[in-house]
Amino acid sequence: PAVAAVSAAGECAARLSGEGASGLIETIKSNSLRRMSFLRATQANSRDELSQPSIPPPADRVNDIVLRILLHGNWQPRRVIFTNNVISFALVDSNDEIDIIFMSEISNVEEMASVEDDSQHNSRTNASEHSEHPNPSATSWSSKLAWLKHKSARSTASSLPGAQDSCSTIPCAFQIATDPDGHNSGRIYYLQAQTRAEMDSVVEQLRGLSAVARKKAEARSRFRRSQDAMRRVFLSRPFQILAATLIIANFLANLIEAQFSVDMQGNDTFSESLDALNLFFTVIFSVELVLNLYAHWLWPFLTDPWSLLDAIIVILSLVALGPVDLPMTVLRVLRAFRVIR
């Protein structure tokens, strides 16, 4: 719009003459340029506020160390923060997160010198588009190892504060492999510690954290798959028809009990039959409530008024089976609402 305004002003200037017209054109141009500068500054500030997430807070950190990561063919120092759920990367003197690995998506943590077969790594595509560059390609693991040793030898001791000569070679390096279908698309991260002892400690810590995180993720995944299957069954048309049939049958049983309870008061057979029928429907609707709770755990269940009504009816029905003597009229009224549902 600002450029269009300047262009329109230029056309008007061609048609107008005099100092007044020239001054008007200059004013329009100046205002348009100031407006464009303001918009650029606002957009830049918005990008700065939204594009850089922060590293995890201190309370969530398991470890906060400085390691070297292989980027652009060189070992570069990075701040690496471990939590129970993620590995967060940042510049050494910064709190802005520049890359992240989810613990549950770590497939392997290996010392680089201990890996013998690189066939599975060569088959992966390292097409990561994060701020950190993907790993260099190599035709074989031996050539990659030799290449990394060459790059490590060229790295200066000042690349990492307090770095030791024993860590300027490949034995102090390890790799983190990620799942191909995960957030990092199967990228392999190459990291180097200051000492052999630090590398062993970090590798052991990462293996433990990633193993726990993967078990939790697998458990959540199994629960969600079973929950989805149960939800499909519960919401299926045959199950809903069966539930509606049982609700209507229970409603009719309540009508019969209310109609003939006074006339059949001395008939033990009639009373026993009604008690057995009430027990049957209570058990059936208790099972239905458990299935509903499992399929819609937790907030979808608590925010559904009909599910809460079912829970109240079943709980009162179970209480009525015990020594507590509840008025049957209350239960009949509540059960009648099921027919409305």
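To be clear, the structure that these remarks concern was listed above.
Note that this is a predicted model, so its numbers are computed, not measured.

### Brief notes about the overall build of the protein chain
For the protein chain, the helix and strand inventory stands at 10 helices and 7 strands. Relative to its 341 residues, the protein chain shows a buried fraction of 34%. Once local pairs closer than 6 in sequence are excluded, the contacts in the protein chain between residues at least 24 apart make up 62%. Surface accessibility of the protein chain: about 20,000 Å² in total, with carbon and sulfur atoms responsible for 59%.

### Comments concerning the pattern of salt bridges
On inspection of all chains with the given rule, the structure shows 8 salt bridges. Between Asp99 and Arg187 there is a salt bridge, with its nearest N and O atoms 3.1 Å apart. Of this pair, Asp99 sits in strand 4 (residues 97-102) while Arg187 sits in the loop between strand 6 (173-178) and strand 7 (188-192), and the two are 88 residues apart along the sequence. On the basis of relative accessible area, Asp99 is assigned to the buried category, the value being 4%. Residue class for Arg187 comes out buried when judged on its relative accessible area of 0%.

### What about the sheet that holds strand 5 (residues 106-111)?
Spatial ordering of the open sheet is given by 4-3-2-1-7-6-5, a layout of 7 strands whose pairing is antiparallel. The outermost strands of the open sheet, each flanked by one partner alone, are strand 4 and strand 5. If you compare each strand with its neighbour and ignore which way they point, the axes differ by 35° on average. In this sheet, strand 2 (residues 74-82) lies alongside strand 1 (residues 63-71) in antiparallel orientation, the contact comprising 9 bridges. Bridging from a neighbouring strand, Leu71 pairs with Asn74 of strand 2.

### So, the packing of helix 7 (residues 268-295) against helix 9 (residues 305-321)
Between helix 7 and helix 9, the least distance of the axes is 10 Å, while the angle of their chain directions is 140°. The pairing of helix 7 with helix 9 is recorded here as oblique in orientation. The way helix 7 lies across helix 9 gives a crossing that is left-handed. Across the interface between the two elements, Leu279, Thr282, Phe285, Ser286, Glu288, Leu289 and Asn292 from helix 7 touch Ser307, Asp310, Ala311, Val314, Ser317, Leu318 and Leu321 from helix 9. Grouping the constituent residues of the contact of helix 7 with helix 9 by class yields 7 nonpolar, 5 polar and 2 charged.

### Here's the deal with the nonpolar core
Grouped together as the largest cluster of nonpolar side chains are 23 residues, with contacts concentrated most on Ile87, Phe174, Ile176 and Leu206. Listed by contribution, the elements that provide at least two residues to this core are strand 1, strand 2, strand 3 (86-90), strand 5, strand 6, strand 7 and helix 5 (196-234). Looking at which element gives the most residues to this core, the answer is helix 5, with 6 residues. In terms of nonpolar packing, the next biggest core, distinct from the first, is built from 9 residues, Leu246, Phe281, Leu289 and Phe301 among them.

### Some points on the environment of Ile81
Here Ile81 lies in strand 2. A relative accessible area of 0% means that Ile81 is categorised as buried. As a C-alpha pair, Ile81 and Asn63 span 18 residues in sequence and 5.7 Å in three-dimensional space. In this structure, Ile81 is in contact with Ile55, Pro56, Arg61, Asn63, Asp64, Val86, Ile87 and Ser88, ignoring residues within four places of it in sequence.

### Description of helix 9
Because an α-helix completes one turn every 3.6 residues, residues spaced three or four positions apart along the sequence face the same direction. Look at helix 9: 25 Å from first C-alpha to last across 17 residues, which is about the 24 Å you get at 1.5 Å a residue. Listing the buried residues of helix 9 in full gives Ser307, Leu309, Asp310, Ala311, Ile313, Val314 and Ser317.

### Topic: helix 5
Along its 39 residues, helix 5 runs 56 Å from first to last C-alpha, staying within 8% of the 57 Å computed at 1.5 Å per residue. What helix 5 keeps buried is the set Met199, Val202, Val203, Leu206, Leu209, Ser210, Ala213, Gln227 and Phe234.

### Let's talk about the pairing of strand 2
Successive side chains on a regular strand alternate, one facing one side of the sheet and the next facing the other. Between the antiparallel neighbours strand 1 and strand 2 lie 2 residues, among them His72 with a positive phi of about 55°. As judged from the 4 bridges shared by strand 2 and strand 3, these two strands associate in the antiparallel manner. The residue of strand 3 that forms the bridge with Arg79 is Ala90. Between the end of strand 2 and the start of strand 3, which pair antiparallel, lie 3 residues.

### A short note on a nonpolar patch on the surface
Side chains of Leu279, Val283, Val287, Leu318 and Leu321 sit close together on the surface and give an oily, nonpolar patch of about 430 Å² of accessible area. When contributions to the nonpolar patch are tallied by element, the ones reaching two or more residues are helix 7 and helix 9. Of all the elements, helix 7 adds the most residues to the nonpolar patch, at 3 residues.

### Examining the packing of aromatic side chains
Here a ring pair, both rings aromatic, is described through the centre-centre distance and the interplanar angle of the planes. Counted under the stated rule, the structure contains 5 aromatic pairs. Each ring, one from Phe89 and one from Tyr189, has its centre 5.5 Å from the other, and the planes form 10°; the classification is stacked. Placement of Phe89 in strand 3 and of Tyr189 in strand 7 is noted, with a sequence separation of 100 residues between them. Taken individually, Phe89 and Tyr189 each receive the classification buried, so the pair is uniform in this respect. Look at Phe280 and Phe281: their rings are 5.4 Å apart centre to centre, the planes differ by 65°, and that puts the pair in the edge-to-face class. Take Phe280: its relative accessible area is 42%, and that puts it in the partly exposed class. Judged by relative accessible area, Phe281 falls into the buried class, the value being 6%. These aromatic residues form a ring-pair network of at least three members: Phe280, Phe281 and Phe285. Above the plane of the ring of Tyr189 lies Arg187, whose end atom (NZ or CZ) is 3.9 Å from the centre.

Rules behind the numbers
- Residues numbered from 1 in each chain as written.
- Predicted model: local features only at pLDDT ≥ 70, side-chain atom pairs only at ≥ 80, totals over all residues.
- Heavy atoms only, no water.
- Helix = DSSP H or I, 4+ residues; strand = E, 2+ residues; numbered from the N terminus.
- Buried < 20%, exposed > 50% of the residue type's maximum accessible area, 1.4 Å probe, protein only.
- Contact = heavy atoms within 4.5 Å.
- Areas by Shrake-Rupley, 256 points an atom, 1.4 Å probe, with all protein chains shown as cover.
- Salt bridge = Lys/Arg side-chain N within 4 Å of Asp/Glu carboxyl O.
- Pairing = 2+ DSSP bridges.
- Axes fitted to C-alpha atoms, helices over the stretch in contact; angles between N-to-C directions.
- Parallel < 35°, antiparallel > 145°, perpendicular 65-115°, else oblique.
- Left-handed = near helix turned anticlockwise from the far one by under 90°.
- Nonpolar A, V, L, I, M, F, W, Y, C, P; charged D, E, K, R; others polar.
- Core = buried A, V, L, I, M, F, W, Y, C linked by side-chain atoms within 4.5 Å.
- Expected span 1.5 Å × (residues − 1).
- Patch = residues over 30% accessible without salt bridge, like charges linked within 9 Å, V, L, I, M, F, W, Y side chains within 5 Å.
- Phe/Tyr/Trp six-rings, centres within 6.5 Å; stacked < 30°, edge-to-face > 60°.
- Lys NZ or Arg CZ within 6 Å of the ring centre and 35° of its normal.

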